[in-house]
Every structure is written in structure tokens, then in C-alpha cells.
Amino acid sequence: MAIAEALAYARAQIGKPYTTDWAKRFGPDAYDCSGLVSASLWHGGMPQGILPTNSADMCRYLAVHPELRLDRATARRTPGAITLLGKNLHNTTNGVRSI
């Protein structure tokens with residue numbers, strides 16, 4: 001997967017509105033948080049269907065694929081790492097606030 005292309009796509013979406021419309025969350029006119037992550041990774045070459053497309057399922061997926069997420073303990077930021085924000089990220093049912 002080409003992280004540079006995924007990041008370039010994500011940056012190009014800056015300024016577009018947030019949507020709560022499930023059918024429109026992958027763009028191109030508006031996104032929700034997980035929709036933008038998914039669409040960006042698809043544009044970077046990740047095949048659709050690998051990464052879940054909602055924040056709770058992404059959190060569960062990233063729990064077993066730590067190479068894709070930000071290592072909070074060491075503050076290691078790898079280009080393309082997915083950062084999860086929330087009060088309790090180990091509680092994958094309601095701990096994720098944003099991706």
C-alpha cells in the first residue's frame with residue numbers, strides 16, 4: 001500500500017463537511033471519521049474489505065494489527081498510522097471517540 005497516496009488523498013479532503021449520513025460517509029463530498037480513513041486507505045491501494053469501516057470495528061481490528069496504529073507508549077508516529085482517540089480504547093464497544 002502507498003501511504004503517501006493515502007495521506008495526499010486525506011489532505012485533499014480538508015475543508016469538506018462531516019456527515020452523519022451512513023450512505024455518504026465515504027465521500028467524495030463529505031465524510032465521517034472512519035469513512036475518511038477508509039476512503040484514504042483505499043486510494044492508497046488497500047483493497048476494500050480488509051479494514052472495517054466503522055470506528056468500533058476498526059478498534060477491534062487494530063488491536064490485532066498493531067503495526068497500523070500509533071504507539072501511544074512511545075509516541076511513535078509512522079506516516080499512515082491510525083490514531084484512536086477516546087477515554088478507554090481497550091473498551092472496543094464504546095471507548096472509541098474518533099479515528
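Keep in mind the model is a prediction, meaning the values are calculated, not measured.

Rules used in this analysis
Residues numbered from 1 in each chain as written. Predicted model: local features only at pLDDT ≥ 70, side-chain atom pairs only at ≥ 80, totals over all residues. Heavy atoms only, no water. Salt bridge = Lys/Arg side-chain N within 4 Å of Asp/Glu carboxyl O. Helix = DSSP H or I, 4+ residues; strand = E, 2+ residues; numbered from the N terminus. Buried < 20%, exposed > 50% of the residue type's maximum accessible area, 1.4 Å probe, protein only.

### Remarks on the pattern of salt bridges
Then comes step 1: Following the criterion strictly, the structure yields 1 salt bridge and no others.
Then comes step 2: Close ionic contact of Asp32 with Arg25 constitutes a salt bridge, the shortest N to O distance being 4.0 Å.

### Here's the deal with the environment of Gly27
Then comes step 1: For Gly27, the position within the fold is in the loop between α1 (3-12) and α2 (33-43).
Then comes step 2: Under the relative-accessibility criterion, Gly27 is labelled partly exposed at 27%.
Then comes step 3: In sequence terms Gly27 and Ala39 are 12 residues apart; their C-alpha atoms lie 7.5 Å from each other.

### A short note on unusual backbone geometry
Then comes step 1: In this structure, the amide linkage connecting Gly27 to the following residue, Pro28, adopts the cis form with an omega of 10°.
Then comes step 2: Relative to the helices and strands, Pro28 resides in the loop between α1 and α2.

### Some details on α2
Then comes step 1: Of the positions making up α2, those classed as buried are Ser34, Gly35, Val37, Ser38, Ala39, Ser40 and Leu41.
Then comes step 2: Looking one or two residues past α2, Gly45 carries a phi angle of roughly 110°, positive in sign.

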